[in-house]
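Fold and geometry: a report
Here is how the chains run, residue by residue.
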Amino acid sequence: MAQASGLPGVIDRVDERAPRRQTVYVYQAPVRIWHWTTVLCILVLGVTGYLIGSPPPSLSGEASAHYQMGYIRFAHFAAGYVLAIGFVFRFLWAFVGNKWSRQIFVLPVWDRAWWWGLIYEIKWYLFLVRDPKKYIGHNPAGHASMFALVLMLTFMICTGFAMYGEGAGIESWQYRMFGWVFAIFPNSQDVHTWHHLGMWGIVVFVIGHVYAAVREDILSRQSMISSIVSGERVFRDDFRE
């Protein structure tokens with residue numbers, strides 16, 4: 001059951017109580033580095049992926065003279081490798097980092113307090129309740145959306161390397177590790193289509209993520225954007241018993 005934290009408005013989940021001070025160190029350096037590296041990778045992958053799916057007009061002269069699509073594909077593949085390596089690193093860090101570093105990989109669906117918090121946060125985002133709840137880590141809505149991002153990134157990495165393995169050949173390690181994707185989608189074009197749709201799913205996530213972060217930073221009186229830079233969650237209200 002939930003326990004009262006003694007601080008008005010601070011989350012009442014077990015082991016998630018804010019201490020009496022107003023600043024809590026939440027996001028460790030490896031988590032912050034992964035976050036901003038992933039942001040850059042998603043930006044590069046989104047732009048280059050769109051151009052691969054909807055190529056720009058052809059340039060005059062020989063293709064070898066400008067190598068336009070080659071550079072676009074190289075940037076896409078390079079960013080994909082960085083994203084995948086960073087994702088594996090982030091997963092491993094969850095085993096050695098603090099408790100908040102593990103949050104995005106597990107949804108506490110067995111916790112009734114979490115479901116209550118999720119419903120409350122949805123009402124908060126819909127302007128149906130007046131007062132925000134304060135969380136040290138992700139609030140339940142942010143927690144669920146970050147878990148969805150983990151699933152989307154896993155899907156994009158698997159389908160991306162499966163398609164890369166097609167070009168590298170069936171003897172390549174990419175095909176050996178991810179060729180099973182074609183057992184689920186026997187038609188290679190289906191893999192391309194779902195990979196492309198996955199990109200738009202991440203675009204939708206990014207829009208909602210940025211909006212929620214800015215909104216919470218302003219309305220909930222707790223730091224969001226600066227927290228992923230400094231690692232510290234700052235509660236701006238003066239908490240008193």
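Predicted model only: the values in this text are computed from it and were never measured.

1. Concerning the UniProt feature "transmembrane region" (unreviewed entry) in the chain
According to UniProt, the feature "transmembrane region" (unreviewed entry) maps to residues 33-53, 74-93, 113-129, 141-164 and 197-214 in the numbering used here. As annotated, residues 33-53 has a helix share of 100% and a strand share of 0%, and its two end C-alpha atoms lie 30 Å apart. Regarding residues 197-214, the helix share stands at 100% and the strand share at 0%, and the terminal C-alpha atoms are separated by 26 Å.

2. Digging into the packing of helix 1 (residues 29-53) against helix 2 (residues 68-96)
Helix 2 packs onto helix 1 with a crossing angle of 150 degrees between their chain directions and a minimal axis gap of 8 Å. It follows from the interaxial angle that helix 1 and helix 2 lie roughly antiparallel. Crossing handedness for the pair helix 1 and helix 2: left-handed. Here the residues of the contact of helix 1 with helix 2 sort into 17 nonpolar, 7 polar and 2 charged.

3. Details of the environment of tyrosine 27
Here tyrosine 27 is to be found in the loop between strand 1 (23-25) and helix 1. Note on tyrosine 27: relative accessible area 9%, which makes it buried. With 71 residues separating them along the chain, tyrosine 27 and asparagine 98 place their C-alpha atoms 8.4 Å apart. Apart from the residues within four sequence positions on either side, tyrosine 27 is in contact with Arg32, Gly137, His138, Ser227, Ile228, Gly231 and Arg233. Among the polar contacts listed, one links the side chain of tyrosine 27 to the side chain of arginine 233, at a separation of 3.0 Å.

Procedures and definitions
Residues numbered from 1 in each chain as written. Predicted model: local features only at pLDDT ≥ 70, side-chain atom pairs only at ≥ 80, totals over all residues. Heavy atoms only, no water. UniProt positions renumbered as here; feature names shortened; annotations may be inferred. Helix = DSSP H or I, 4+ residues; strand = E, 2+ residues; numbered from the N terminus. Axes fitted to C-alpha atoms, helices over the stretch in contact; angles between N-to-C directions. Parallel < 35°, antiparallel > 145°, perpendicular 65-115°, else oblique. Left-handed = near helix turned anticlockwise from the far one by under 90°. Nonpolar A, V, L, I, M, F, W, Y, C, P; charged D, E, K, R; others polar. Buried < 20%, exposed > 50% of the residue type's maximum accessible area, 1.4 Å probe, protein only. Contact = heavy atoms within 4.5 Å. Polar contact = N/O pair within 3.5 Å; in protein donor to acceptor, adjacent residues only side chain to side chain.

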